[in-house]
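So you can see what is in the structure, the chains are spelled out below.
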Amino acid sequence: MEFEQVASFDNYMLANMTLGLLQENDINCHLKDEHIVTIDPLLNPAVGGIKLMVEKTDTAAALVLMHEAEENYLKEIPCPNCKAHALGLEHITLQPVGFWQKLKNQILYGQEAPSSKHYRCGNCRQKFDELPMSF
């Protein structure tokens with residue numbers, strides 16, 4: 001069996017919740033570097049976070065499940081600015097241009113093409129780096 005990385009986490013709780021979601025849907029997967037990051041969080045950038053590894057044949061199904069779960073969760077959270085239930089995910093991947101950029105990203109972020117997530121309200125267009133707390 002050949003596995004590939006589909007996600008990286010800096011939080012072991014979210015990593016295990018995602019792992020459980022995939023395993024409940026009969027997707028063969030496991031976490032890599034969970035213990036290293038949990039014991040010493042300062043090593044997170046060096047190892048590239050907790051990696052969610054999925055069998056190559058299940059990759060597409062895993063990505064669809066993860067996307068659907070996040071979209072469904074976002075529908076439940078109101079925007080703190082306008083109170084509309086219109087939060088959406090913006091995912092940005094920084095593609096390296098050459099060898100030195102890839103090497104720099106590998107050293108600083110633990111991966112060649114670092115990515116970031118932001119959330120934006122579809123109603124008022126307010127941008128959030130983290131999900132607002134819902135009460």
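Structure's up top.
All of the points below concern the structure found in this document.

Calculation rules
- Here, residues in each chain are numbered from 1, in the same order as that chain's written sequence.
- Restriction of local features to residues with pLDDT of at least 70 applies here, the model being predicted, together with a cutoff of 80 or more for giving and counting side-chain atom pairs; totals for whole chains, interfaces and linings are based on all residues.
- To get the side-chain values, all heavy atoms of the structure are used, and hydrogens and water are removed first.
- Numbering of helices and strands runs from the N terminus; a helix is a DSSP stretch of H or I covering at least four residues, while a strand is a stretch of E covering at least two.
- Each residue after the first adds 1.5 Å to the expected span of a helix.
- Throughout this description, buried means an accessible area under 20% of the type-specific maximum (1.4 Å probe, protein chains only), exposed means over 50%, and partly exposed covers the range between.
- Directions are taken from the helix axis to each C-beta atom, and the arc is the one they span.
- Should any heavy atoms of two residues lie within 4.5 Å, those residues are counted as being in contact.
- Any pair of N or O atoms that falls within 3.5 Å is considered a polar contact. Within protein, one atom must be able to donate a hydrogen and the other to accept it, and sequence-neighbouring residues count only if both atoms are side-chain atoms.
- Strand pairing is assigned whenever DSSP identifies at least 2 bridges connecting the two strands.
- Any Lys or Arg side-chain nitrogen located within 4 Å of an Asp or Glu carboxyl oxygen qualifies as a salt bridge.
- To define axes, lines are fitted to C-alpha atoms, for helices over the stretch in contact only, and angles between the resulting N-to-C directions are given on a 0 to 180 degree scale.

**Thoughts on helix 1 (residues 12-24)**
No. 1: Here helix 1 contains 13 residues, and its C-alpha end-to-end distance of 18 Å stays within 8% of the 18 Å for a straight helix at 1.5 Å per residue.
No. 2: Ala15, Thr18, Leu19 and Leu22 are the residues of helix 1 that are buried. The buried residues of helix 1 all sit within an arc of 105 degrees when viewed along its axis, so they share a single face. Turned more than 90 degrees off the buried face of helix 1, the exposed positions are Met17 and Glu24.
No. 3: As for helix 1, its buried residues are in contact with strand 1 (3-9), strand 2 (29-32), strand 3 (50-55) and helix 4 (59-76).
No. 4: With a side-chain oxygen lying 2.7 Å from the backbone nitrogen of Met13, the N-terminal cap of helix 1 falls on Asn11.
No. 5: In the segment just after helix 1, Asp26 is the residue with positive phi, at about 60 degrees.

**Concerning the pairing of strand 3**
No. 1: Across the 6 residues that make up strand 3, a large majority, 6, are buried.
No. 2: Burial along strand 3 is two-sided: the face carrying Ile50, Leu52 and Val54 and the face carrying Lys51, Met53 and Glu55 are both buried.
No. 3: Alignment of strand 1 against strand 3, held across 6 bridges, turns out to be antiparallel. By the bridge assignment, Ser8 is partnered in strand 3 with Lys51.
No. 4: Two elements, strand 2 and strand 3, share 4 bridges in a ladder whose sense is antiparallel. Looking at the pairing, Leu31 lines up with Leu52 of strand 3.

**Notes on the pattern of salt bridges**
No. 1: Following the criterion strictly, the structure yields 3 salt bridges and no others.
No. 2: For Lys51, the salt bridge identified is with Asp33, shortest N-O distance 2.5 Å. Of the two residues, Lys51 is situated in strand 3 and Asp33 in the loop between strand 2 and helix 2 (34-39); the sequence distance between them amounts to 18 residues.
No. 3: The class of Lys51 is buried, set by a relative accessible area of 9%.
No. 4: Since its relative accessible area comes to 22%, Asp33 is described here as partly exposed.
No. 5: A salt bridge links Arg120 to Glu90; the nearest nitrogen and oxygen atoms lie 2.6 Å apart. Separated by 30 residues along the polypeptide, Arg120 in strand 5 (residues 115-121) and Glu90 in strand 4 (residues 87-93) bring together distant segments of the chain.

**Description of the sheet that holds strand 2**
No. 1: With antiparallel pairing, 3 strands are arranged side by side in an open sheet as 1-3-2. The two strands at the open ends of the sheet, each matched to only one other strand, are strand 1 and strand 2. Direction aside, the axes of adjacent strands within the sheet are offset by 30 degrees on average.
No. 2: Most of the contacts of helix 1 go to strand 2, to which it runs at about 165 degrees, and overall it touches strand 1, strand 2 and strand 3.
No. 3: Strand contacts of helix 4: strand 1 and strand 3, with the helix running at about 20 degrees to strand 1, the strand carrying the most contacts.

As far as function goes, none of this settles anything; it's purely spatial.
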